[in-house]
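Report on the structure
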Amino acid sequence: MKGGIQGLKVSQVSLILIALVCATVLALTWTKTTFLTSFIPNQSRVLQLDLDNASPGEISEDTNISAQPKTKEVESFGSSGVEPADESESTEIVKITNKGENPTTFIERPGSDELSKGYNKSIQAEPVPVKSSSVKSSGKIEHKGNSSASTTVKKENHHTVVQEMESEELSGEKNKSKQAEIVPKNSSTVGSSVKRVHTGNISAATVESGCNYARGKWVFDDNRPLYSGFGCKQWLSSMWACRLTQRKDFEYEKLRWQPKDCKMEEFTGHKFLQRMRDKTLALIGDSLGRQQFQSVMCMVTGGEERADVLDVGHEYGLVKARGAVRPDGWAYRFPSTNTTILYYWSASLCDLEPIKGTSNFAMHLDRPPAFLRRFLHKFDVLVLNTGHHWNRGKLNANHWVMYVGGVPNTNRRIADIAGAKNLTIHSIVRWVDSQLLLFPGLRAFFRSMSPRHFFNGDWNTGGTCDNTTPLSEGKEVMTDESSDPVAAHAVSGTKVKLLDISGLSELRDEGHISRYSLKATPGVQDCLHWCLPGVPDTWNEILFAQL
């Protein structure tokens, strides 16, 4: 066969050989050619997470997202100054997709043994804001900010897990395997959607500018207290002024909290008013919130009478109703700086609504109090708290009936007190977080639970707190994790900060009212509320340090 192979011409064979040689050269030089490598996905755009119980997340767009996978190292934190502590049995899956002008944010969280009480655990969802940071591959995340500190997130075993009750689960439907709530992403820039899975106790201690105020020790200070327990009668209820009772020891008044890694700014009434010029501080919660309110009023005034301070409760509807023992709260204004400090009583942080034809009240677990919804726009600093009213006796005594989604609750998990409390705390934190975009000047805090110290019984079964020796159980808090995992978990991933006072207050069992009340009842001690001056003053010092 002349002129070629099997009928092919020599020119055709030559062209085929040349094509094969070119293809070989092209393959060998692929990775060295700048033009060709532009078609290969950039490795810096892929976040590879080595998770124990989940498949790796993937990033399809070059979007700045922060993530904290287990056993990964986080280098240099952002300008918020929040340094995450160890997470226990916690994983995070981040999946980012840019799908248009309306990105959404998801966070999925598994259920809790404490809340489910043996029922099947489900993956719940709650929205979290997407924070800006640079994402690197292999699970190492670099956050651009002012802090250069680094930490390694370790894997630990803890059994305290909190849970969300969302969408179908709230309506009592059977299919609870996976739920999601879609909300607009809290960002003004076009971004992406995030899907995260958390299990375990999220630690979110009170941290500001690299200082963990919840970690430290109690020290004696002869310059304390900041006001007299004999004075401050204008603001302080006599039932909490232990100087007016039969109590003889007052060493507890001399203690000051010293954070471990920083020096907390000294509180003065003048500095507080200057910092809060033309601003309003609102404390909303139970009777411990009222103690914090009375404490800050005494601290700002130094316990002195102030005729110039105006009662502006009427501006907020805080007036005593006919037949009521007291109003639902108080509001006072300092004219010199136009600073307003108010307190509103909402023991459960739920919206309470009378049920027609009955003496009961609908306790809307997923709806913030009407007062908060009405006046939030007037607040500059908000402090929320709840906790000790979450028991069956209190709910029955107050005729509170649990409602979810506007109807009586039928979900057995939520009917459990722990489940109802958890749902409410997560719900109100999410709601406040969603409002921060509308009110960018608002600083919001959720205060962790104040501990009780009943020994050998409860408040109605002979429980006591007779110890009068300060720091007999220790003086330091060394852990980074909060002693209130529900509150810590609720604020995680939001712009609402945790005012973490649980651990430091746990060491102060000698600071309660105990049996030294003005109207003592034999066999009944108050091991819940605090003597003032006392521990709540420290809560306000930590709050002031963050304003």
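Our subject is the structure that appears above.
Right, let's walk through the structure included here. Just so it is clear, the model here is predicted, and its values are computed rather than measured.

**Some remarks on the overall build of the protein**
The number of helices and strands found in the protein is 13 helices and 24 strands. Across the 547 residues in the protein, those meeting the buried criterion constitute 52%. Pairs at least 24 apart in sequence give 79% of the contacts found in the protein among residues at least 6 apart.

**Focus: the environment of M276**
As for its position among the elements, M276 is in the loop between α5 (269-275) and β11 (280-285). Linking M276 and V381, residues 105 residues apart in sequence, is a C-alpha distance of 9.0 Å. If near-sequence neighbours (up to four positions away) are discounted, M276 is found in contact with L281, T337, T339, V381 and L547.

**Things to note about the state of the cysteines**
Each disulfide is one covalent bond, formed between the sulfur atoms of two cysteines. This model, assessed by the stated rule, comprises four disulfides. Paired by a disulfide, C211 and C262 hold their sulfur atoms 1.6 Å apart. You can see C211 sitting in strand β8 (residues 211-212) and its partner C262 sitting in the loop between β10 (255-259) and α5, a full 51 residues away along the chain. In this model C232 forms its disulfide with C298; the gap between the sulfur atoms is 1.9 Å. Across the S-S bond linking C232 and C298, the dihedral sits near -105 degrees, which makes this disulfide left-handed. One end of the pair, C232, is in the loop between β9 (216-220) and β10; the other, C298, is in helix α6 (residues 287-301), with 66 residues separating them in the sequence.

**Remarks on the packing of α6 against helix α13 (residues 535-545)**
For the pair α6 and α13, the least separation of the axes is 8 Å and the interaxial angle reads 70 degrees. Between α6 and α13, the crossing angle belongs to the class labelled roughly perpendicular. Seen from α6, the contacting residues are L288, Q291, Q292, S295, V296 and M299; seen from α13, they are P536, D537, W539, N540, E541 and L543. In terms of residue class, the contact of α6 with α13 is made up of six nonpolar, four polar and two charged.

**Quick notes on a nonpolar patch on the surface**
Side chains of F230, M239, L244 and L518 sit close together on the surface and give an oily, nonpolar patch of about 360 Å² of accessible area. For L244, a relative accessible area of 36% corresponds to the partly exposed category.

Conventions we followed
Residues numbered from 1 in each chain as written. Predicted model: local features only at pLDDT ≥ 70, side-chain atom pairs only at ≥ 80, totals over all residues. Heavy atoms only, no water. Helix = DSSP H or I, 4+ residues; strand = E, 2+ residues; numbered from the N terminus. Buried < 20%, exposed > 50% of the residue type's maximum accessible area, 1.4 Å probe, protein only. Contact = heavy atoms within 4.5 Å. Disulfide = S-S within 2.5 Å. Axes fitted to C-alpha atoms, helices over the stretch in contact; angles between N-to-C directions. Parallel < 35°, antiparallel > 145°, perpendicular 65-115°, else oblique. Nonpolar A, V, L, I, M, F, W, Y, C, P; charged D, E, K, R; others polar. Patch = residues over 30% accessible without salt bridge, like charges linked within 9 Å, V, L, I, M, F, W, Y side chains within 5 Å. Areas by Shrake-Rupley, 256 points an atom, 1.4 Å probe, with all protein chains shown as cover. Salt bridge = Lys/Arg side-chain N within 4 Å of Asp/Glu carboxyl O.

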